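Read off the chains here:
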Amino acid sequence: MPTIQSRIRQNKYKITPQRQAVLKVLSAATQPLSPSEVHELVQAAKPSTGMATVYRSLQLLSELGLVCELHTAGNCHRYLLRRIDSHHHHLICSGCGQVIHVEGCGLKEITENLSRQTGFAIDTHLLEFIGRCRNCQKEAGKV
């Protein structure tokens, strides 16, 4: 199983101290983080790291498929380290921002049909369900 660092090197990028700091922050996170949260935590280890560097690192890691970029309420993106050995989707609460990982995928047949119908070579897919968790529904009086 390739490591994150080896995947970065395979794509001809360097493992800079700033990228290492971003990866360390994301690997310790228990919930997806906004770029500003990543920046704040990275600065504890690398005080000279600017916000633009964090954005560029997150963008690169996302493009390489090493982090999940979640689209949350208010057009804010949040990031979490992708589990390289598993395919999963997300349930995102638009109220409190909670993210629940849904393991596995039942979309194989749909993906194959789409590929067959369109001739499109599908490499991967992302699926996010956005709604309200039970607690937010209770607070709104809907449960």
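Above this text sits the structure in question.
On a predicted model such as this, the values are computed, not experimentally measured, just so you know.

Caption draft 1: Representation of the overall build of the protein within the structure. For the protein, the count of helices and strands is 6 helices and 5 strands. Seen in sequence order, the protein has helices and strands lined up from the N terminus as α-α-α-α-β-β-β-β-α-β-α. Counting only C-alpha atoms, the protein reaches 45 × 45 × 25 Å along its principal axes. Expressed as a percentage of the 143 residues in the protein, the buried residues total 29%. Counting every atom, the protein has about 9,400 Å² of accessible surface; 51% of that belongs to carbon and sulfur. Computed over 17 positive and 11 negative side-chain charges, the separation of the two mean positions in the protein equals 6 Å.

Caption draft 2: Representation of helix 3 (residues 35-45). Burial in helix 3 covers these residues: P35, V38, H39 and V42. Along the long axis of helix 3, the arc covered by the buried residues comes to 100°, so they all point the same way. More than 90 degrees from the buried face of helix 3, the exposed residues found are E40 and A44. Packed against the buried residues of helix 3 are helix 2 (17-28), helix 4 (51-63) and strand 2 (76-81).

Caption draft 3: Representation of a nonpolar patch on the surface. A surface patch of nonpolar side chains, about 310 Å² in accessible area, is lined by L91, I100, V102 and F129. Relative to the elements of secondary structure, I100 occurs in strand 4 (residues 99-103). We classify I100 as partly exposed; its relative accessible area is 37%.

Caption draft 4: Examining the pattern of salt bridges more closely. Counted by the stated rule, this structure contains 1 salt bridge. With its nearest N and O atoms 2.9 Å apart, the salt bridge here joins E37 to R78. Residue E37 is located in helix 3, and its partner R78 is located in strand 2; the two are separated by 41 residues in the primary sequence. The class of E37 is partly exposed, set by a relative accessible area of 29%.

Caption draft 5: Here's a closer look at the layout of surface pockets. Taken as a whole, the second largest pocket encloses approximately 160 Å³ of empty space. Taken together, 12 residues form the lining of the second largest pocket, with A29, T30, L80, L81 and H101 sitting closest to its centre. Listed by contribution, the elements that provide at least two residues to the lining of the second largest pocket are helix 2, strand 2 and strand 4.

Caption draft 6: A look at the packing of helix 3 against helix 4. The geometry of helix 3 relative to helix 4 is characterised by a closest axis approach of 9 Å and an angle of 115° between their N-to-C directions. Seen from above, helix 3 lies across helix 4 with right-handed handedness. Of helix 4, the residues touching helix 3 (which contributes P35, S36, V38 and H39) are M51, V54, Y55 and L58. Taken together, the residues of the contact of helix 3 with helix 4 sort by class into 6 nonpolar, 2 polar and no charged.

Caption draft 7: Representation of the environment of F129 in the model. Here F129 shows up in strand 5 (residues 128-131). Separated by 40 residues in sequence, F129 and H89 have C-alpha atoms that sit 8.2 Å apart. Not counting residues up to four positions away in its chain, the partners in contact with F129 are H90, L91 and I92.

So, how was this worked out
Residues numbered from 1 in each chain as written. Predicted model: local features only at pLDDT ≥ 70, side-chain atom pairs only at ≥ 80, totals over all residues. Heavy atoms only, no water. Helix = DSSP H or I, 4+ residues; strand = E, 2+ residues; numbered from the N terminus. Buried < 20%, exposed > 50% of the residue type's maximum accessible area, 1.4 Å probe, protein only. Areas by Shrake-Rupley, 256 points an atom, 1.4 Å probe, with all protein chains shown as cover. Lys, Arg positive; Asp, Glu negative; His and termini not counted. Charge placed at Lys NZ, Arg CZ, Asp CG, Glu CD. Arc of directions from axis to C-beta. Contact = heavy atoms within 4.5 Å. Patch = residues over 30% accessible without salt bridge, like charges linked within 9 Å, V, L, I, M, F, W, Y side chains within 5 Å. Salt bridge = Lys/Arg side-chain N within 4 Å of Asp/Glu carboxyl O. 1 Å grid on protein atoms, 1.4 Å probe; cavity = no way out; pocket = protein on both sides within 12 Å on 5 of 7 lines; lining within 4 Å. Points joined across faces, edges and corners; volume = space filled by probe spheres on them. Axes fitted to C-alpha atoms, helices over the stretch in contact; angles between N-to-C directions. Left-handed = near helix turned anticlockwise from the far one by under 90°. Nonpolar A, V, L, I, M, F, W, Y, C, P; charged D, E, K, R; others polar.

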